[in-house]
Amino acid sequence: MSPETTAPHRLLGTLLDEQARPGGPFCPAALRELDQAEAFPAQACRVLDEFGLADHYVPAAHGGKLTDFGELIRLVRGVARHDLTVAVAHAKTFLGAVSVWVAGDREQADRLARQVREGHVVSWALTERGHGADLLAGEVTAERTREGWTLNGEKWLINNATRAHQICLLARTGEAGDARGFSLFLVDKDRLPPGGSAHLPKIPTHGIRGADISGIGFTDAAVPASARVGADGAGLEIVLKALQLTRTVCAGLSLGACDHALRLTTAFVRERRLYGKLLVELPRVRRILADAIADLLLMESVSTLAGRAVHALTAEMAVVSAVTKAFVPSTGDAMIAELGEILGVRAFFTDAHAEGAFAKLERDHRITAIFDGSTAVNRHALIKQFPLLARASARGGHALKGLAAAAALDAPVDPLDPGQLVLAGHGGCSVLGGLPDAVERIRSLVRAGTAPAGLERLAGALLDSAAALQEELAAHRPTAGAGAAADFDLARRYELCFAGACAVHLWVHNESAVGDGSPVWADARWVRACLNRVLRALGGPVDREPDVADALVEELVRTEGRGMTLLSGI
């Protein structure tokens, strides 16, 4: 597979590298100044508008350019690679609009699509003061009138609540606490009656300081009947389906932040001397770098397969999205912390080293684990599906054709059919269900002499771990309340097995096309590094394979931190 030099994410990457030069809106010094002033990055967002990034938030069915959620993740990653605040501020429009793509009628969706492509900002107003992630406790109400609806109440801690043109709002239309008692409304703020709404002050935050994290209150605000999105009482269901898409795309934020952290660290270890040697020559530093590379490639494996699963395994996204949103940001947080150990005190500087970029991205990235459901919320969502996953595993018959379509990166994906989104994983998880076939294929390649023997050993160990996990799932009994600590430990191990399986599937379905053309893919280096990392996290006695680690670290140094992607040879 030859690189697609005209792919949107590649074009955006070239543009942002140019805009990051001194004096440009993505210049590190300019971004630092905005952060210190807690000022919105308007000029940087304007660059993204002029590029046409908003077109990629709109499905092709409504006149936009969104045909592949994997490409959207790469676009978000490209922005976050330079600055997370800008990425969060701009990509929020996708999050605000996605419920309309999932459940809006044709006229409503087409109208919003035109507005988004014209530069309108859309916000998603779900949370309220004092309720957080407990959407069933929402107090904002929408009362039916002869002309439409009247809104009352406050939405708080809402990204772009003040700057947005439209707000997609979850409001109670039925009895309090009733899951079918909520509806979704697309509110055009410019058409609200005078005095019908008031913006709440921007909330100072530890990270993403320049983002518009504020709120909005409604007082007898009249909206037309056409503002409702989907059926009356279907609001929570629509939101939960939309979250399957937004949680997946949020992975791009973590990938970009970790790209940035790895580049900053690589630049430092290539120049800094200690004990008469460059830092990159010290064994402890090389081990941290090797682990960071493996973590990044694991995160990318999960994000890449999940992005394509939106199209190819749509009915499994309740599981896939929860695992992705739990695994990727938490792994990213740990990776950034480890790289900070190498930088030492420079990881805390706000301007004296690299314009304080590392300290900024470390602060900014913490929010990604909270967006669209925290790590704990997503693990709890996975835990609630354990009985379904256990039954599906025992039943077999996983969607192996869909899995192959998700894993084969040179194959186009089918358009997303939102009607295929479901609230729970009754069909199981094909990523884990298809692992035995993938491992058998690796064994065949090893016997044929076209894959290293070490890969068979690692893949076999992952298969054993996954089989033991499935046995635990079969014996698992739901606990009352929010779940026991053991349940969350089981969820974490599920994520690790899922991540390792993603790496295996992507390697199996693409190795013949890439081969040894990429230093990352040569000798199955990246997948061996990923499996080694997963198995160690699962507690297995695994050889670190120093030859693989050294080769990847050398490639990291050679490319100045820019070559660590499994997509480099695709």
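Quick look at the structure, then. Source: prediction; values computed, not measured.

Let's talk about the side chain of Thr368
Okay, so step 1: Structurally, Thr368 is set in the loop between helix H11 (357-365) and helix H12 (375-384).
Okay, so step 2: The residues touching Thr368, leaving out its near neighbours within four places in the chain, are Leu84, Leu253, Ser254, Lys325 and Pro329.

Concerning the nonpolar core
Okay, so step 1: Ranked by internal contacts, the top residues of the largest apolar core, which has 171 residues, are Leu262, Leu289, Leu339, Tyr494, Trp507 and Trp526.
Okay, so step 2: If you tally residues by element for this core, the top one is helix H9 (residues 283-312), at 16 residues.
Okay, so step 3: Setting aside chain neighbours within four positions, we find Leu289 in contact with Leu262, Thr265, Val269, Val280, Leu339, Ile342, Val553 and Leu556.
Okay, so step 4: By size, the runner-up hydrophobic cluster in this structure holds 19 residues, among which are Leu151, Leu169, Ile216 and Val223.

Observations regarding the pairing of strand S4 (residues 166-172)
Okay, so step 1: Of all the 7 residues making up S4, 6 are buried; the element is thus mostly covered by neighbouring parts of the structure.
Okay, so step 2: Note that strand S1 (residues 122-125) and S4 share 4 bridges and pair parallel. Across the sheet, the residue bridging to Ser123 is Ile167, located in S4.
Okay, so step 3: In the sheet, S4 pairs with strand S5 (residues 182-188) via 7 bridges, with the strands oriented antiparallel. Each residue of the ladder has a partner; that of Arg172, found in S5, is Phe182.

Some points on the environment of Ala369
Okay, so step 1: Position of Ala369 relative to the elements: it lies in the loop between H11 and H12.
Okay, so step 2: Measuring from C-alpha to C-alpha, the distance between Ala369 and Glu554 comes to 31 Å, with 185 residues separating the pair along the chain.
Okay, so step 3: Ignoring any residue separated from it by four or fewer positions in sequence, one finds Ala369 in contact with Lys325, Pro329, Asp333, Ser374 and Thr375.

Looking at the pairing of strand S2 (residues 141-144)
Okay, so step 1: Where S2 meets strand S3 (residues 148-159), 4 bridges bridge the pair, whose relative direction is antiparallel. Bridge assignment links Arg144 to a residue of S3, and that residue is Trp149.
Okay, so step 2: Where S2 folds back on S3, the antiparallel hairpin that results is connected by 3 residues.

Observations regarding the packing of H9 against helix H20 (residues 546-558)
Relative orientation and spacing of two packed helices are given, respectively, by the angle between their axes and the distance between those axes.
Okay, so step 1: As a packed pair, H9 and H20 sit with axes 9 Å apart at the nearest point and diverge in direction by 85°. In terms of orientation, H9 lies roughly perpendicular with respect to H20. Across from Arg286, Leu289, Ala290 and Ile293 in H9, the residues of H20 making contact are Ala549, Asp550, Leu552, Val553, Glu554 and Leu556.
Okay, so step 2: Class assignment for the residues of the contact of H9 with H20 results in 7 nonpolar, no polar and 3 charged.

Overview of the packing of aromatic side chains
Okay, so step 1: Under the criterion given, the structure shown has 5 aromatic pairs.
Okay, so step 2: Between Tyr57 and Phe94 the ring centres are 6.3 Å apart and the planes differ by 50°, which places this aromatic pair in the tilted class. Placement of the pair is Tyr57 in the loop between helix H3 (42-51) and helix H4 (69-80) and Phe94 in helix H5 (residues 84-103), with a sequence separation of 37 residues.
Okay, so step 3: In this structure Phe94 comes out as buried when scored by relative accessible area, which is 1%.
Okay, so step 4: When the ring of Trp149 is compared with that of Phe185, the centres are 5.1 Å apart and the planes differ by 65°; the resulting orientation is edge-to-face. With Trp149 in strand S3 and Phe185 in strand S5, the pair connects residues that are 36 residues apart, well separated along the chain.
Okay, so step 5: Clustering of aromatic rings is evident, with ring pairs tying together Tyr57, Phe69 and Phe94.
Okay, so step 6: Stacked on the ring of Phe40, the Lys or Arg Arg163 has its end atom at 3.6 Å from the ring centre.

Some details on H3
Okay, so step 1: Along H3, the residues classified as buried are Ala44, Cys45, Val47 and Leu48. All buried residues of H3 lie within an arc of 150° about the axis, which places them on one face of the element. What points out from H3, more than 90 degrees from its buried face, is the exposed set Gln43 and Glu50.
Okay, so step 2: Residues of H3 that are buried sit in contact with helix H1 (8-19), H4 and H5.
Okay, so step 3: Note on H3: the residue one or two positions beyond its end, Gly52, has a positive phi of about 95°.

Digging into the pattern of salt bridges
Oppositely charged side chains may form a pair once their charged atoms are brought near each other.
Okay, so step 1: For the coordinates displayed, the defined rule picks out 39 salt bridges.
Okay, so step 2: A salt bridge links Glu495 to Arg492; its shortest N-O distance comes to 3.4 Å. Residue Glu495 and its partner Arg492 are located together in helix H18 (residues 485-514), separated by 3 residues, close to a single helical turn.
Okay, so step 3: For Arg492, a relative accessible area of 26% gives the class partly exposed.
Okay, so step 4: Counted as one network, the salt bridges with shared partners bring together Arg457, Asp523, Arg528, Glu545 and Asp547.

Rules and cut-offs
- Residues numbered from 1 in each chain as written.
- Predicted model: local features only at pLDDT ≥ 70, side-chain atom pairs only at ≥ 80, totals over all residues.
- Heavy atoms only, no water.
- Helix = DSSP H or I, 4+ residues; strand = E, 2+ residues; numbered from the N terminus.
- Contact = heavy atoms within 4.5 Å.
- Core = buried A, V, L, I, M, F, W, Y, C linked by side-chain atoms within 4.5 Å.
- Buried < 20%, exposed > 50% of the residue type's maximum accessible area, 1.4 Å probe, protein only.
- Pairing = 2+ DSSP bridges.
- Axes fitted to C-alpha atoms, helices over the stretch in contact; angles between N-to-C directions.
- Parallel < 35°, antiparallel > 145°, perpendicular 65-115°, else oblique.
- Nonpolar A, V, L, I, M, F, W, Y, C, P; charged D, E, K, R; others polar.
- Phe/Tyr/Trp six-rings, centres within 6.5 Å; stacked < 30°, edge-to-face > 60°.
- Lys NZ or Arg CZ within 6 Å of the ring centre and 35° of its normal.
- Arc of directions from axis to C-beta.
- Salt bridge = Lys/Arg side-chain N within 4 Å of Asp/Glu carboxyl O.

Geometric descriptors of this kind do not, in isolation, establish any biological role.
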